[in-house]
Amino acid sequence: MRAAIVFASALLASGCGSLPAPPPDQYFRLNAPPAAAAASSGVRIQVEHVEAHGVYAERPLLFRSGGKSGATQQYRYELWSEPPAKMLRNTLVDHLRSQYGAERVWTSEARSPADLTVRGRLRAMEQVMDGASARALLSLEYVVNDAEGNVIAVFEFNEEIAASSANVNDFVAALNQGLARAYAGLDRRLAQAIAGKP
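The rules behind these values
Residues numbered from 1 in each chain as written. Predicted model: local features only at pLDDT ≥ 70, side-chain atom pairs only at ≥ 80, totals over all residues. Heavy atoms only, no water. Helix = DSSP H or I, 4+ residues; strand = E, 2+ residues; numbered from the N terminus. Buried < 20%, exposed > 50% of the residue type's maximum accessible area, 1.4 Å probe, protein only. Contact = heavy atoms within 4.5 Å. Areas by Shrake-Rupley, 256 points an atom, 1.4 Å probe, with all protein chains shown as cover. Polar contact = N/O pair within 3.5 Å; in protein donor to acceptor, adjacent residues only side chain to side chain. Phe/Tyr/Trp six-rings, centres within 6.5 Å; stacked < 30°, edge-to-face > 60°. pLDDT = per-residue confidence, 0-100. Salt bridge = Lys/Arg side-chain N within 4 Å of Asp/Glu carboxyl O. Axes fitted to C-alpha atoms, helices over the stretch in contact; angles between N-to-C directions. Parallel < 35°, antiparallel > 145°, perpendicular 65-115°, else oblique. Left-handed = near helix turned anticlockwise from the far one by under 90°. Nonpolar A, V, L, I, M, F, W, Y, C, P; charged D, E, K, R; others polar. 1 Å grid on protein atoms, 1.4 Å probe; cavity = no way out; pocket = protein on both sides within 12 Å on 5 of 7 lines; lining within 4 Å. Points joined across faces, edges and corners; volume = space filled by probe spheres on them.

Colleague: Help me understand the overall build of the chain in this model?
Modeller: When helices and strands are tallied, the chain shows three helices and eight strands. Listing the helices and strands of the chain from first to last along the sequence gives α-β-β-β-β-α-β-β-β-β-α. Within the chain, the proportion of its 198 residues that are buried is 42%. In the chain, of all internal contacts separated by at least 6 residues, the share reaching a separation of at least 24 is 68%. Taken as a whole, the chain presents about 10800 Å² of accessible surface, with 54% of it coming from carbon and sulfur.

Now the structure itself:
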C-alpha cells in the first residue's frame, strides 16, 4: 500500500513538472502619426472620453475566425497596454495637438471652455481572419459640438484594413494604418466645421 502511494506521488510530481510554462503576456499600443500644422485659427478644442462598451472596453485583443460570421473572441496573452477607449482619446489628443498646438487642445479634465468639443465612440476593433487572409476591422464615430452644444459635424469611419499576416503584430500595424486614415478623415471634417462649412 505504501509503495503504491509513493509511486502515485512520484507520478503526479513528474506530471506537474512536465507542464509547459504559459507564454508571457504581450502588451500592444495604438499609435497615430502626427499631422501637419493647421492654419492658425485660434480655435480651442476639447476632447471628451471615448465611449466603448462590452468586450471593446476590455484590454485583451479581439479576433474573429471565419470572416464576418464568426464569433468574436479574446486573445489570452495579448493585451492592450491601456483600455482601448483611453488609448484612442490619448492618440487623438496627441494628433490634434500636432496640428493646433498643445495650448489649443485639451481633455475634459481641464474644465476650461472650448470652441469645439469632440466626442468619440468605438464601435468595433478586432482582427478578422478568413482562410489565408487577415484584416483589421476598425469602426469609429466622432461627433463635434460647438460651444453651445449644437452638433456641427459627424464623422464615421468603418474599414477593414488588410494585414500582412495573421500575426498579432501585423494586426496592430494594420490597425494603426486604419487609425491614421480615420484621423485624416476627421481632420477634414474639423477643418470644414472650423471654416463654417456644412
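Colleague: Would you mind showing me how to read the side chain of Q127 here?
Modeller: Summarising the element assignment, Q127 is placed in strand 6 (residues 116-130). You can call Q127 buried: its relative accessible area is 0%. A distance of 2.9 Å separates a polar side-chain atom of Q127 from the backbone oxygen of A166. Leave out the neighbours within four places in its chain, and Q127 touches L62, F63, R64, Y75, R135, A166, N167 and F171.

Colleague: How should I be thinking about the packing of aromatic side chains in this particular structure?
Modeller: The geometry of an aromatic ring pair comes down to the distance between the two centres and the angle between the two planes. All chains considered together, the criterion is met by one aromatic pair. Judged by centre distance (4.6 Å) and plane angle (45 degrees), the rings of F63 and Y75 are tilted. Highlighted residues: F63 in strand 3 (residues 60-65) and Y75 in strand 4 (residues 72-80), separated in sequence by 12 residues. Residue class for F63 comes out buried when judged on its relative accessible area of 14%.

Colleague: Teacher, can you tell me more about the confidence of the model for the chain here?
Modeller: Detailed reading of the predicted coordinates is not advisable wherever pLDDT is low. Confidence along the chain averages 89 in pLDDT terms, with 88% of residues attaining 70 or more. With pLDDT under 50 throughout, residues 3-14 is counted as low confidence; its partners more than four residues away or in other chains account for zero contacts.

Colleague: Just checking my understanding: could you explain the pattern of salt bridges for this structure?
Modeller: According to the stated counting rule, one finds 10 salt bridges in the structure shown. Its salt-bridge partner being E109, residue R89 comes within 3.1 Å of it at the nearest N-O pair. Here R89, found in helix 2 (residues 84-100), pairs with E109, found in the loop between strand 5 (105-107) and strand 6; they are 20 residues apart in sequence, far enough to count as distant. For R89, a relative accessible area of 10% puts it in the buried group. Close ionic contact of R123 with E141 constitutes a salt bridge, the shortest N to O distance being 3.9 Å. Note that R123 is positioned in strand 6 and E141 in strand 7 (residues 133-146), a separation of 18 residues in sequence. What makes R123 partly exposed here is its relative accessible area of 26%.

Colleague: Whenever I open this one, the packing of helix 2 against helix 3 (residues 168-194) confuses me. Can you help?
Modeller: If you want to describe how two helices pack, look at the angle between their axes and the distance between the axes. Packing of helix 2 against helix 3 leaves a shortest axis separation of 11 Å and a crossing angle of 55 degrees. If you check the angle between helix 2 and helix 3, you find them oblique. At the point where helix 2 passes helix 3, the crossing takes the right-handed sense. Two secondary-structure elements touch here, helix 2 through L88, T91, L92, H95, L96, Q99 and Y100 and helix 3 through L179, Y183, L186, D187, L190 and I194. Class assignment for the residues of the contact of helix 2 with helix 3 results in nine nonpolar, three polar and one charged.

Colleague: Which parts of the structure should I look at to understand the environment of A195?
Modeller: Residue position: A195 is located in the segment after helix 3. Linking A195 and S41, residues 154 residues apart in sequence, is a C-alpha distance of 9.1 Å.

Colleague: Explain empty space enclosed by the protein to me, please; I cannot follow it from the model alone.
Modeller: The gaps left among the atoms become clear once a water-sized probe is rolled over them. Under the criterion given, the structure shown has one cavity of 30 Å³ or more. Here the largest cavity defines a volume of roughly 40 Å³.

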